[in-house]
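# Overview (structure and organization)
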Amino acid sequence: MTKDATPVTRDGAREILKANDRGGYTVPNANVYPFQWNWDSAFVALGFQTFDEPRAWSELETLFSGQWDDGMVPHIVFHRPADGYYPGPAAWGTHHTPPTSGISQPPVAASAALRLFRAARDAQAARQRAQKLLPKLLAWHRWWHEIRDPDRSGLVTCVHPWESGRDNLPDWDAPLAAVTPTVDVSALRKDLTHVGAAERPTHDFYNRVMTLVEQARALGWNGAQIARESEFRVCDLGIQCILLRADRDLHDLAWALEDAAAATEVGHWIARSDAALTRLRADDGSFRSLDLRTGKLAPAITSATFLPLYARAVDQQTASALAELFERWATKARFAVPSTDPDFAGFDPQRYWRGPVWLVMNFMIADGFAGYGFSEIASRIREGSAGLVRQSGLREYFDPRNGDGLGGRDFSWSAAIVLCWDLVA
Ligand code: GLC
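Let us look at the structure shown here. Residue positions are counted from 1 within each chain, in the order its sequence is given. Owing to the predicted nature of the model, reporting of local features is limited to residues with pLDDT of at least 70; listing and counting of side-chain atom pairs is limited to 80 or more, with chain, interface and lining totals taken over all residues. Side-chain measures were taken over the full set of non-hydrogen atoms in the model, leaving aside hydrogen atoms and water.

## Re the pattern of salt bridges
Every case where a carboxyl oxygen of Asp or Glu lies within 4 Å of a side-chain nitrogen of Lys or Arg is listed as a salt bridge. Inspection of the entire model under this criterion finds 25 salt bridges. Here Arg208 and Asp204 are joined by a salt bridge, their closest N and O atoms 3.0 Å apart. Taken as a pair, Arg208 and Asp204 lie in helix 8 (residues 203-218) at a separation of four residues, close to a single helical turn. Arg208 gets classed as buried once you look at its relative accessible area, which sits at 16%. In this scheme, a residue with accessible area under 20% of its type's maximum is buried, one over 50% is exposed, and one in between is partly exposed, where area comes from a 1.4 Å probe on protein chains only. Overall, the relative accessible area of 41% leaves Asp204 in the partly exposed class. Between Asp249 and Arg245 there is a salt bridge, with its nearest N and O atoms 3.1 Å apart. Of the two residues, Asp249 and Arg245 both sit in helix 10 (residues 237-256), four residues apart, roughly one turn of that helix. By relative accessible area, which is 15% here, Arg245 ends up buried. Among the charged side chains, a salt-bridge network with shared partners connects Arg245, Asp249, Arg312 and Asp367. A run of H or I in DSSP counts as a helix once it spans at least four residues, and a run of E counts as a strand once it spans at least two, with each numbered from the N terminus.

Written as structure tokens, this is what we have:
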């Protein structure tokens, strides 16, 4: 076991969620991330669902208290001031109460809501809460499909590496290199006081991503303008697949709640995204992110190449090719699924999103393989995830070579995956 890790139990995972609960919303981690994060909360809701259904719904509801008038659901909601994080509300300079960041994150919430609804022990309460959430979910997805897809291409635009939730991917190197940094924020960073520099992004990365924030601020956070004019415009394979799956789940939720108009609207989005996915396919058959400014596919394969399975967007033959790719990766890294291709020259098993394993990605990738009948691969991913937690505890991410725990400790979404995927006794 990695030093400092205490053996994780189901009770222990619940305790972490309770300890990170700030009253209706959960912080990803008390030190590094002291606010509410978007896709973290969607997974956290699945964790709460296993022992406190009302609390699971409130996690989604508090997230939507940050929703903007145009439908966007921000990647951070700053419910209360807290030290220890940069960039805070002042650096974003948005206009919302409660204060929020100005970009979004992968839309997992509709998928979480459908799961809460279907698994509900209190079906009546779940129906009421889902009914209130449905128009908000719909407005968010509409924002992706309209404001972030101004030409209705079926591919949505991501305007900031943090929006992808996979902040430091090699996919963003070239698009970020085209951004001229106009700020130096190295002295303002607070993450390096909590976590070693080798496990965190570089100063150059921070200067460029904060330049993008400055540019969006200068546009008054006007969504339509940012989508057209941002210096960073990519189609992130992760967002694209997670949105497509969330659309399918939203479609089912709308039908279950007998909202035919909503279901029809979502159905059009699904058809458009289904048709567009081939544009993200490289010659070697892998799926990749696309730089919308240059038209170039990303140079590396990342773990999101398996997410078209999660999106239920490929045929069986493509699914088999992805299963073969998974087997190739499995010979290179003891613990699945590394965030970046272990054969890629820039593979870095300890640095943010350039190699380490994240439990939430594993959960979605395993769901994808199971959905195409590859249940043996799905159980291997699940057992490997359980092994990581047994060895290193509820860490933020893990080294795929040896299972060492990395990043923050006592992480909420790691605890949530342990609970909803039933990884420990
Ligand atoms: C990091 C991750 C992001 C996550 C956040 C809070 O920024 O890259 O995906 O939402 O931490 O856990």
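So, next bit.
## Some details on the state of the cysteines
Defined by distance alone, a disulfide is two cysteine sulfur atoms within 2.5 Å. Within this structure, the stated rule accounts for zero disulfides. Cysteine Cys235 is unpaired, with the sulfur of Cys241 as its nearest cysteine sulfur at 8.4 Å. Left without a disulfide partner, Cys420 is nearest to the cysteine sulfur of Cys241, which lies 20 Å away. With relative accessibility at 14%, the residue Cys420 sits in the buried group.

## Section: the site of the ligand
Put simply, a residue is near a molecule or strand once any heavy atom of it comes within 4 Å of that molecule or strand. Looking at the ligand, there are 13 residues lining it, with Asp40, Gln105, Gly165, Asp167 and Tyr352 nearest. Here an oxygen atom of the ligand and a side-chain polar atom of Gln105 are 2.9 Å apart. N or O atoms within 3.5 Å of each other form a polar contact, as long as, within protein, one can give a hydrogen and the other can take it, and as long as residues adjacent in sequence are counted only when both atoms are side-chain atoms. Between Asp167 and the ligand, the recorded distance is 2.8 Å, taken from a side-chain N or O atom to an oxygen atom. Isolated, the ligand exposes 310 Å² of accessible area, and the fraction of that covered by the protein chains is 96%. The protein chains shown are the only cover counted for residues, whose accessible areas, like all others here, come from Shrake-Rupley with a 1.4 Å probe.

## Comments concerning the side chain of Gln105
On the secondary structure map, Gln105 appears in the loop between helix 4 (89-92) and helix 5 (109-119). A distance of 3.3 Å separates a polar atom in the side chain of Gln105 from the backbone nitrogen of Asn38. From its side chain, Gln105 meets the backbone nitrogen of Trp39 in a polar contact 3.1 Å long. Discounting chain neighbours no more than four positions away, the residues touching Gln105 are Trp37, Asn38, Trp39, Asp40, Val73, His75, Trp140, Trp144, Trp162, Glu163 and Gly165. Note on definitions: a residue-residue contact is assigned when non-hydrogen atoms from the two residues lie within 4.5 Å.

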